[in-house]
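# Structure at a glance
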Amino acid sequence: MTGTEMLDHWIDGGPDAGSGTRSGPVYDPAKGIVAKQVRFGTAGDVDRAVQAAAKAFTSWGNASIAKRQQVLFAFRELLNARRSELAEILTAEHGKVLSDAAGEIARGLEVVEFACGMPHLTKGTYSLNASTDVDVYTVKEPLGVVGIISPFNFPAMVPLWFFPIAIAAGNTVVLKPSEKDPTSASWMAGLLKEAGLPDGVFNVVHGDKEAVDALLEHPEVSAISFVGSTPIARHVYETATRAGKRVQALGGAKNHMLVLPDADLDLAADAAVNAGFGSAGERCMAISVLVAVDPVGDDLIGKITERMATLRTGDGRGEADMGPLITREHRDKVAGYLDVASKDGATVVVDGRGVRADGEADGFWLGPCLVDNVPTSSTVYTDEIFGPVLSVVRVGSYAEGVELINSVPYGNGTAIFTNDGGAARRFQRDVEVGMVGVNVPIPVPVAYHSFGGWKASMFGDAKAYGPHGVEFFTRDKTITSRWLDPSHGGLNLGFPQND
Ligand code: NAD
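A brief structural summary. As the structure is a prediction and not an experimental result, all values here were calculated from the model.

### Re the overall build of the chain
Each helix and strand counted, the chain has 16 helices and 23 strands in total. When the backbone C-alpha atoms are referred to their principal axes, the chain occupies close to 85 × 60 × 40 Å. By residue count, 57% of the 499 residues in the chain fall in the buried class. Per element, the accessible surface of the chain, about 20,500 Å² overall, is 52% carbon and sulfur. Counting 44 positive and 61 negative side-chain charges, the chain places the centres of these two groups 3 Å from one another.

Dropping the structure here:
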């Protein structure tokens, strides 16, 4: 193993070596080499980070809205000015191509900009004279220390879904990023400091299950925001709610794109390729199943195959359209589904194994793959593969397509491609999925709406960012108040009534 540089935690305003002895490799997936090591935090490291955050909360939670807003504005300016530096980190550790990394940062910046409006979003409500001489008002207060646990596929954007809102609302944060591509989290911690954020308000503890579980059970952590696979989301939700915390846990997905016979098949084919193979299919909103309503199947597959032949797989720092997968193990696991597909009676139309990638031979390559007539009993259909494998299922009617989508345990994203407004409107009502695209294959909501799926794609009541994010990171306090004068005297043991 090469790559001896060690990435530290970030606790109380600076790098921190922690108390543990464990660490893990961080790869450059386009080269297939270990680029550096990352420390794995212990329960003691998590405790120190939480204590630093708790101490910082005593002043940050009381800082004026104007002061908090100034830091957020400064962070926005710095992130905007240095986004290409962050994009390079993302490409080097995740493998996504630079233009895709830039897109990830742009969507994260949107949330920072939304959080800059926190004074308006948290200004509360006031009812004058709710009863005679009695005013009732509701204020929004921060929770305290909040924990964020993020996945490998959006190492910058997913933390940015949460911490700008949490911090702007007056909370302090301990982030446990993915151990597979951890550098961007530490980089953003440094940028927040440069923006003027006081020490201890934002902390990063790197690591794996040990650090996560310590955060979930820590008595001084008030809330947990998690994003990752469904089994871990369920574990996080159950553990942290049992420990009395407020939890939002976003899980995995299997997103279907329904193509009706009246759709423009060229545009649908473009969309399917973009949404199926962008970021090598390692997106929770990737389209992984194409549902072709008869008779469009053959035409659509022809058009998609033509487009796939033009895709360049390679190092994201070069001219490629699609980069490598995150690790060798993950690449091998994804590639293994092609054998399963053949065994289960599906047709492998395009096999990405052995792709001639524009990059080093040891990169974790797998070219785009297309599998037709996938039986819904096959694990190719039922598993979240999380790689560049697009499955096609053919159905006889719109109703059959919707029934198929609704029978899946996940409910993250879906899309319909049609020129029939009535059918699109019907789909929007019929489908049991949290985020729906009408001729939009990756319907990730803008920052002032909220992001989250249904069913096994999300546990908890509050989605990420937008209005839900503000509610999640604040708690309401309602005050009933009057200023006494002699007319308010007298004894009355009855329950207070309004008059
Ligand atoms: P993952 O579940 O393996 O890891 C997510 C986080 O949990 C990481 O920080 C990891 O260190 C930690 N973790 C892993 N195993 C753990 C365990 N046993 N106990 C406690 N913590 C553990 O997910 P991933 O592979 O990093 O990311 C891909 C997954 O995330 C996919 O399933 C994808 O759909 C999902 N995802 C969902 C959304 C969404 O918004 N719904 C967004 C992005 C990614």
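### Topic: empty space enclosed by the protein
Sizing a probe to match a water molecule and rolling it over the atoms shows the empty space that remains. Applying the stated criterion across every chain, the model contains two cavities of 30 Å³ or more. Each pocket or cavity is described by its volume, and for the largest cavity that value is around 130 Å³. Every residue lining the largest cavity is counted, 18 residues in all, and those nearest its centre are Gly281, Ala286, Ser288, Ile385 and Phe386. Counting only elements with at least two residues in the lining of the largest cavity, the list comes to β14 (287–293) and β17 (389–395). Residue composition of the lining of the largest cavity, grouped by class: eight nonpolar, six polar and four charged. In this structure, the second largest cavity encloses a volume near 60 Å³. Lining of the second largest cavity is provided by Trp10, Gly13, Ala189, Leu192, Lys193, Leu197, Pro198, Asp199, Gly200, Val201 and Phe202. When its residues are assigned to classes, the lining of the second largest cavity shows seven nonpolar, two polar and two charged.

### Quick notes on helix α2 (residues 65–81)
Helix length check: α2 (17 residues) gives 24 Å between terminal C-alpha atoms against 24 Å at 1.5 Å per residue, within 8%. Listed in full, the buried residues belonging to α2 are Arg68, Val71, Leu72, Phe75, Leu78 and Leu79. Taken down its axis, α2 places every buried residue within 125 degrees of arc, on the same side. Structural note: α2 exposes Gln70 and Ala81 on the side pointing more than 90 degrees away from its buried face. Among the structural elements, α1 (43–60), α3 (83–94), α4 (98–115), α6 (157–168) and α7 (183–194) are those in contact with the buried residues of α2.

### Remarks on the packing of helix α10 (residues 265–277) against helix α11 (residues 297–308)
Two elements in contact, α10 and α11, have axes whose closest approach is 9 Å; the angle formed by their N-to-C orientations is 55 degrees. When the axis of α10 is compared with that of α11, the two are oblique. Here α10 runs over α11; the crossing is right-handed. Mapping the contact onto sequence places Leu265, Asp266, Ala268, Ala269, Asp270, Ala272, Val273 and Phe277 in α10 and Asp299, Leu300, Lys303, Ile304, Arg307 and Met308 in α11.

### Examining the packing of aromatic side chains
Evaluation of the coordinates by the stated rule reveals 11 aromatic pairs. On the numbers, 5.6 Å between centres and 80 degrees between planes, the contact of Tyr27 with Phe364 is edge-to-face. Placement of Tyr27 in strand β4 (residues 23–28) and of Phe364 in the loop between β15 (347–350) and β16 (369–372) is noted, with a sequence separation of 337 residues between them. Plain terms: the ring middles of Phe451 and Tyr465 are 6.3 Å apart, the flat faces sit at 45 degrees to each other, and that makes the pair tilted. One end of the pair, Phe451, is in the loop between β20 (435–438) and β21 (454–455); the other, Tyr465, is in the loop between β22 (458–459) and α16 (466–472), and 14 residues separate them in sequence. Grouping aromatic residues by their ring pairs yields a cluster made of Trp161, Phe162, Phe451 and Tyr465.

### Things to note about unusual backbone geometry
The omega torsion of the bond from Asp294 to Pro295 falls at 10 degrees, within 30 degrees of zero and hence cis. Here Pro295 lies in the loop between β14 and α11. Residue Asn439 is not a glycine yet carries a positive backbone phi of 60 degrees. Relative accessible area serves as the criterion here: at 35%, Asn439 is assigned to the partly exposed category. A positive phi is found at Tyr465, a non-glycine position, where the angle reads about 45 degrees.

### Topic: the pairing of β17
The buried count for β17 comes to six of seven residues, which makes it a mostly enclosed element. Both β14 and β17 contribute to a ladder of five bridges, which runs parallel. Looking at β17, one finds that Val289 is bridged to Ser391. Relative to β17, β16 runs parallel, the two sharing three bridges. Residue Val371 lies in a different strand from β17, and its bridge partner there is Ser391.

### Quick word on the site of the ligand
Neighbouring residues of the ligand: 28 residues in total, closest Lys176, Glu179, Ser229, Gly251 and Glu384. Backbone polar atom of Ser150 to an oxygen atom of the ligand: 2.8 Å apart, as the coordinates give it. Within the side chain of Glu179, an N or O atom sits 2.7 Å from an oxygen atom of the ligand. With respect to the detected pockets, the ligand is housed in the largest pocket. For the shell around the ligand, the secondary-structure elements that each account for two or more residues are α8 (209–217), β11 (221–227) and α9 (230–242). Taken together, the residues that form the shell around the ligand break down as 14 nonpolar, 10 polar and four charged. When residues of the shell around the ligand are assigned to domains, at least three fall in each of domain 1 (6–251 + 457–480) and domain 2 (255–438).

The rules we used
Residues numbered from 1 in each chain as written. Predicted model: local features only at pLDDT ≥ 70, side-chain atom pairs only at ≥ 80, totals over all residues. Heavy atoms only, no water. Helix = DSSP H or I, 4+ residues; strand = E, 2+ residues; numbered from the N terminus. Buried < 20%, exposed > 50% of the residue type's maximum accessible area, 1.4 Å probe, protein only. Areas by Shrake-Rupley, 256 points an atom, 1.4 Å probe, with all protein chains shown as cover. Lys, Arg positive; Asp, Glu negative; His and termini not counted. Charge placed at Lys NZ, Arg CZ, Asp CG, Glu CD. 1 Å grid on protein atoms, 1.4 Å probe; cavity = no way out; pocket = protein on both sides within 12 Å on 5 of 7 lines; lining within 4 Å. Points joined across faces, edges and corners; volume = space filled by probe spheres on them. Nonpolar A, V, L, I, M, F, W, Y, C, P; charged D, E, K, R; others polar. Expected span 1.5 Å × (residues − 1). Arc of directions from axis to C-beta. Contact = heavy atoms within 4.5 Å. Axes fitted to C-alpha atoms, helices over the stretch in contact; angles between N-to-C directions. Parallel < 35°, antiparallel > 145°, perpendicular 65-115°, else oblique. Left-handed = near helix turned anticlockwise from the far one by under 90°. Phe/Tyr/Trp six-rings, centres within 6.5 Å; stacked < 30°, edge-to-face > 60°. Pairing = 2+ DSSP bridges. Near = heavy atom within 4 Å. Polar contact = N/O pair within 3.5 Å; in protein donor to acceptor, adjacent residues only side chain to side chain. Sits in = over half its atoms within 2 Å of the grid points. Domains from an automatic or database assignment.

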